[in-house]
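Listed below are the residues making up each chain.
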Protein chains: 2
Amino acid sequence: MTANEIKNITALHIEKYRKEKRAFLVEGPKMLEETLKSDFKIKAIYAFPGWKTDLNLAGISVVKISAKELSRISQLKTPNQVVVEVAMKQHEEKLPSTDEKLILALDNINNPGNLGTIVRTADWFGIQNIICSQNCVDIYNPKVLQATMGSYTRVNMYYIDLPQYLRKESEKAEIYGAVVDGESLYNIDLQNKGIIVIGNESQGVSAEITPLIKRRITIPSYGGGAESLNASIAAAVILSEFRRRTF
Amino acid sequence: MTANEIKNITALHIEKYRKEKRAFLVEGPKMLEETLKSDFKIKAIYAFPGWKTDLNLAGISVVKISAKELSRISQLKTPNQVVVEVAMKQHEEKLPSTDEKLILALDNINNPGNLGTIVRTADWFGIQNIICSQNCVDIYNPKVLQATMGSYTRVNMYYIDLPQYLRKESEKAEIYGAVVDGESLYNIDLQNKGIIVIGNESQGVSAEITPLIKRRITIPSYGGGAESLNASIAAAVILSEFRRRTF
């Protein structure tokens, strides 16, 4: 690879260039497999010479690169054989309806691992749409993508003005939110449609969004001294309870 | 600080030296506060000159250090004002009884963030004891400690021969485990005592431990394509369901 080719790929480590080039990177055979199964389009595969695969790569450019080149374009501490350049999909203009489905809304989730884990967990519990406030971390951040374990291909992500969206939806939809002083998750009435808001890792739900939450959910704590749960853990425990009761 | 003093502190980034010196590091005001509230003994605090606190630090050595020194002894990308050197506690010889309590057993949890998050979640749900297989990541790994958000001070950790322990306990205790092909978490009979086994992030419960699990728990998936949940997410969803039903 030329220095310029490497530069063009590593530029995708940065959000600004991902948006410009409408492309992003995923790494490792598992992520490649998940991306191949999806309707995302693979632009190129950069692979270690010794790498072999049973996957059908017909029509895809596979560039063999050295271990040194791989470690330069990879963002993992231990690069995992292949780096895949994927085209972003056309942004869905139409927001999902809250009339029939449960939607997750994320208010300022900053940590890449948390966002990726939330996407993976949402996928597990059959949530197809996640609405993110504009200050959430980018879904195409490599750490986010790795933490989704491929679920990024199955969950639709929307980055919009979340307070405005919730104000509008609150006219017709139930809006649940995870707060520290609400009703017990285990007793509160839950339905199989509406919006569930999960707040920031340290500040919780923002001041602008808090008054829009109609059903304030708290996960009961049992005598420990822990002050809070990790945001992805809170999302998972709440989604599990919704699914247990409304399916 | 002298180069030697810095070397002595940064040595604690490495497990071998932590064990030798029976000490570890935590970072930031929140972790300091949690450690002060606990029965862990603080050996020294290394703080940025501008750092102020309302915490009672009577009898504790506070060393003022430069921003450059702080960034050298810190393991965070953005060092958070204070680094705290803490003495390890005497190892508890006696393992906790499964007659009265729920105990979490971790089989080869490798990811520091996962272990820390599991400890924080266990603390939230009132689990006081976690038994780790010897190949689990070290609780005193800085990334583990940060992810616990201070819960490391309240949860007892034991690193032992896990298969041997489970073989012995299985004579009298219920042994639950998270597997991919077990009974639904929502229907399986749960009690408020016994052992819950959570397996490795990619391999699940190890071959040696699998036959020791008496109650095989699976978290139902809802139509998505996700193949698995993150280990800390699985632990949280299972603990929540135990607490909901048995308290």
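Here we summarise the structure given alongside this text. (Residues numbered from 1 in each chain as written. Chains lettered and ligands numbered in written order. Predicted model: local features only at pLDDT ≥ 70, side-chain atom pairs only at ≥ 80, totals over all residues. Heavy atoms only, no water.)

Each side of the interface is counted separately: chain B has 35 residues, and chain A has 35 residues. When chain B packs against chain A, close to 3,100 Å² is buried across both sides, 58% of that on carbon and sulfur atoms. If you sort the residues of chain B by the area they bury against chain A, B:R120, B:W124 and B:Y222 come out on top, with a joint share of 26%. Of the charged contacts, one joins A:K30 and B:E227 as a salt bridge, the two residues approaching to 3.0 Å between their closest N and O atoms. Here chain B and chain A share 18 residue pairs in polar contact (both at pLDDT 80 or more) between them. Every element with two or more residues in the side of chain B that touches chain A is listed here: helix 3 (29-37), helix 5 (112-124) and helix 8 (231-246) of chain B. (Contact = heavy atoms within 4.5 Å. Buried area = accessible area lost by both parts, 1.4 Å probe. Salt bridge = Lys/Arg side-chain N within 4 Å of Asp/Glu carboxyl O. Polar contact = N/O pair within 3.5 Å; in protein donor to acceptor, adjacent residues only side chain to side chain. Helix = DSSP H or I, 4+ residues; strand = E, 2+ residues; numbered from the N terminus.)

Moving on, we come to the relation of the copies chain B and chain A. The operation relating chain B to chain A is a screw motion whose rotation component is 180°, with 0.0 Å of axial translation and a residual RMSD of 0.0 Å. One copy is carried onto the other by what is essentially a two-fold rotation axis. Residue B:V237, judged by its C-alpha, is the member of chain B lying nearest the rotation axis, at 2.6 Å. (Least-squares fit on C-alpha atoms with pLDDT ≥ 70 in both.)

This brings us to the packing of helix 5 (residues 112-124) of chain A against helix 8 (residues 231-246) of chain A. Residues and elements named next belong to chain A. In contact at an axis separation of 9 Å, helix 5 and helix 8 are set at 15° when each is read in the N-to-C sense. With respect to their mutual orientation, helix 5 and helix 8 come out roughly parallel. Like other packed secondary-structure pairs, helix 5 and helix 8 cross with a definite hand, here right-handed. Along its contact with helix 5, which presents N114, T117, I118, T121 and A122, the element helix 8 presents A231, S232, A235, A236 and L239. Looking at the contact of helix 5 with helix 8, its residues break down into six nonpolar, four polar and no charged. (Axes fitted to C-alpha atoms, helices over the stretch in contact; angles between N-to-C directions. Parallel < 35°, antiparallel > 145°, perpendicular 65-115°, else oblique. Left-handed = near helix turned anticlockwise from the far one by under 90°. Nonpolar A, V, L, I, M, F, W, Y, C, P; charged D, E, K, R; others polar.)

In this section: unusual backbone geometry. Residues and elements named next belong to chain A. Of note, the phi angle at R22 is positive, near 50°, even though the residue is not glycine. The topology assignment puts R22 in the loop between helix 2 (15-21) and strand 1 (23-27). On the basis of relative accessible area, R22 is assigned to the partly exposed category, the value being 36%. You will see that N108, though not glycine, has its phi angle at about 65°, which is positive. Along the chain, N108 turns up in the loop between strand 5 (102-106) and helix 5. (Buried < 20%, exposed > 50% of the residue type's maximum accessible area, 1.4 Å probe, protein only.)

Here the focus is empty space enclosed by the protein. All chains considered together, the criterion is met by two cavities of 30 Å³ or more. Estimated volume of the largest cavity: approximately 50 Å³. Along the walls of the largest cavity sit A:A226, A:E227, A:S228, B:K30, B:E34, B:R120, B:T148, B:M149, B:S151 and B:R154, which together make up its complete lining. As a volume, the second largest cavity reaches approximately 40 Å³. Taken together, A:L185, A:Y186, A:V237, A:S240, A:E241, B:V237, B:S240 and B:E241 make up the lining of the second largest cavity. Broken down by secondary-structure element, the contributors of at least two residues to the lining of the second largest cavity are helix 8 of chain A together with helix 8 of chain B. (1 Å grid on protein atoms, 1.4 Å probe; cavity = no way out; pocket = protein on both sides within 12 Å on 5 of 7 lines; lining within 4 Å. Points joined across faces, edges and corners; volume = space filled by probe spheres on them.)

In this section: the sheet that holds strand 5 (residues 102-106) of chain B. Residue and element names in this part refer to chain B. If you walk across this open sheet you meet the six strands as 7-6-5-9-8-10, and the pairing is parallel. In this open sheet, the two edge strands, each paired with only one partner strand, are strand 7 (156-160) and strand 10 (215-218). The mean inter-strand angle of the sheet, taken between neighbouring strand axes irrespective of direction, is 35°. Bridging between strand 5 and strand 6 (residues 129-133) involves three bridges; their strand directions are parallel. For L106, the partnering residue across the bridge sits in strand 6 and is C132. Each of strand 5, strand 6, strand 7, strand 8 (175-184) and strand 9 (194-198) touches helix 7 (residues 162-169); the most contacted strand, strand 9, lies at about 145° to it. Against the sheet, helix 8 engages strand 5, strand 8, strand 9 and strand 10, with an angle of about 155° to strand 9. (Pairing = 2+ DSSP bridges.)

Looking now at helix 7 (residues 162-169) of chain A. The periodicity of an α-helix, 3.6 residues per turn, causes residues three or four positions apart to be oriented the same way. All names here are of chain A. Taken together, the buried positions of helix 7 are L162, P163, Y165, L166 and E169. Seen end-on, helix 7 carries its buried residues on one side only, within an arc spanning 160°. Of the exposed residues in helix 7, the ones pointing more than 90 degrees away from its buried face are Q164 and K168. Check the buried side of helix 7 and you find it contacts strand 5, strand 6 (129-133), strand 7 (156-160), strand 8 (175-184) and strand 9 (194-198). N-cap assignment for helix 7: the residue whose side-chain oxygen lies 3.1 Å from the backbone N of Q164 is D161. (Arc of directions from axis to C-beta.)

This next bit is on the packing of aromatic side chains. Residue and element names in this part refer to chain A. Applying the stated criterion across every chain, the model contains 12 aromatic pairs over all chains. Residues Y176 and F242 carry aromatic rings whose centres are separated by 4.8 Å and whose planes lie at 85° to one another, so their mutual orientation is edge-to-face. Note that Y176 is positioned in strand 8 and F242 in helix 8, a separation of 66 residues in sequence. Given a relative accessible area of 0%, Y176 falls into the buried group. For F242, a relative accessible area of 0% corresponds to the buried category. (Phe/Tyr/Trp six-rings, centres within 6.5 Å; stacked < 30°, edge-to-face > 60°.)

Limitation: the analysis is restricted to geometry and does not speak to function.
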